[in-house]
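# Understanding the architecture of this molecule
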Amino acid sequence: MTGTGNTLFWGDNAHNENAQDFFKSFNYAMGSKDDDYKRRQFLYCLHSGGAAKTWYMGLTDHTKADWSLVEEAFNARWPPIKIAAMTTEEFEEELLSCRLAEEVLGLKECIADRDIWSHIAWADRIGTLAAGADILGSKTYIGQVKKSLPGVMRDKLSDSYANWTAFLDDVCGIDIDYIKGKAADAKKLLASNGPAHFHFIRDSKPPSCKYYEQGFCGGQQFTQWRLTSHFPELKCKCKCKRSRAYSFNG
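### Points about the pattern of salt bridges
A full pass over the atoms with the stated rule returns three salt bridges. Here Arg40 ties to Asp36 by a salt bridge, and the two come within 3.2 Å at their closest N and O atoms. In this pair, Arg40 and Asp36 both sit in helix 2 (residues 35–42), four residues apart, roughly one turn of the helix. For Arg40, a relative accessible area of 41% corresponds to the partly exposed category. Residue classification places Asp36 among the partly exposed positions, given a relative accessible area of 36%.

### Some details on the packing of helix 1 (residues 19–30) against helix 2
Packing of helix 1 against helix 2 leaves a shortest axis separation of 11 Å and a crossing angle of 125 degrees. The pairing of helix 1 with helix 2 is recorded here as oblique in orientation. For the element pair helix 1 and helix 2, the recorded crossing hand is right-handed. Where helix 1 abuts helix 2, its residues Phe22, Phe23, Phe26, Asn27 and Met30 lie against Tyr37, Lys38, Gln41 and Phe42. Split by residue class, the contact of helix 1 with helix 2 holds six nonpolar, two polar and one charged.

### Re the nonpolar core
Among the nonpolar cores identified, the biggest contains 26 residues, and Leu95, Trp122, Met153, Trp164 and Phe167 are the most heavily contacted of them. Listing elements by their share of this core, those giving two or more residues are helix 6 (88–97), helix 7 (118–132), helix 8 (142–148), helix 9 (151–154), helix 10 (164–172) and helix 11 (176–193). In terms of residue count, helix 7 provides more of this core than any other element does, five residues in total. Residues contacting Leu95, with those up to four places away along its chain left out, are Ile126, Leu129, Ala130, Ile135, Tyr141, Val145 and Trp164. If you look at the next biggest cluster of nonpolar residues, it comprises 18 residues, including Phe23, Cys45, Ala73 and Phe74.

### Focus on helix 7
Under the 1.5 Å per step criterion, the end-to-end length of helix 7 is 21 Å for 15 residues, consistent within 8% with the ideal 21 Å. Those residues of helix 7 lying buried are Ser118, His119, Ala121, Trp122, Ala123, Ile126, Gly127, Leu129 and Ala130. Just downstream of helix 7, Asp134 is the residue with a positive phi angle, here 60 degrees.

### Some thoughts on the packing of helix 1 against helix 5 (residues 67–77)
Packed helix pairs are characterised by how far apart their axes lie and by the angle those axes make with each other. At a minimum axis distance of 11 Å, the contact between helix 1 and helix 5 shows a crossing angle of 160 degrees. Classified by the angle between their axes, helix 1 and helix 5 sit roughly antiparallel to one another. Crossing geometry of helix 1 relative to helix 5 is assigned as left-handed. Contacts between helix 1 and helix 5 involve Ala19, Gln20, Phe22, Phe23, Phe26 and Asn27 from the first element and Trp67, Glu71, Phe74 and Asn75 from the second.

Reading the values: the criteria
- Residues numbered from 1 in each chain as written.
- Predicted model: local features only at pLDDT ≥ 70, side-chain atom pairs only at ≥ 80, totals over all residues.
- Heavy atoms only, no water.
- Salt bridge = Lys/Arg side-chain N within 4 Å of Asp/Glu carboxyl O.
- Helix = DSSP H or I, 4+ residues; strand = E, 2+ residues; numbered from the N terminus.
- Buried < 20%, exposed > 50% of the residue type's maximum accessible area, 1.4 Å probe, protein only.
- Axes fitted to C-alpha atoms, helices over the stretch in contact; angles between N-to-C directions.
- Parallel < 35°, antiparallel > 145°, perpendicular 65-115°, else oblique.
- Left-handed = near helix turned anticlockwise from the far one by under 90°.
- Contact = heavy atoms within 4.5 Å.
- Nonpolar A, V, L, I, M, F, W, Y, C, P; charged D, E, K, R; others polar.
- Core = buried A, V, L, I, M, F, W, Y, C linked by side-chain atoms within 4.5 Å.
- Expected span 1.5 Å × (residues − 1).

Below, the structure is given as structure tokens:
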């Protein structure tokens, strides 16, 4: 049937259906048709042998003759499903875990059939989460989220913001040519240097770093650093505290 995607309604909870969505689609397809027309067409949208058709055939003639009564009976049989809404804490947790990866800077994402730059798509997701956490008009967590951004983004942002709207506006306003240029420079650097691992010489104390992960090289324990997408930001990946001088391991 035009307007409902030619989808017939089963009504048995076994066909990944949403009864309320089906009913809305049916009414949308009917357009300006009168209730009598809707009443007569409704039966043809119920799948033969399905629970919905069995239900409809069991209605009294009085009910089937009045579209408002059919609608009332339908809503009683298939009431709106109560969705398990996210709590404020869950919105906050997801907001703090939503990262903008350096590897996708300068690339596009397809959202709602439109190509959007990755940093703008990220800002849109963050804005939705901040609104869900009811902190959009405050500066709560902005510092933490800003700190997690790639260095190339942080360099273009202010030190502090009064609210999320101002912060995300600035993120979206970063010049895309600047971002693409930095991303291209990083790719050239990685291509010319080979594997992005730095190994430290033992027996000297390394710079303090919170990015720890035990690492080994050739049977010997080293403090291992990872070259991030935008040189020269380096992140420690090892718990070993015995090294400071380093050399590139190709």
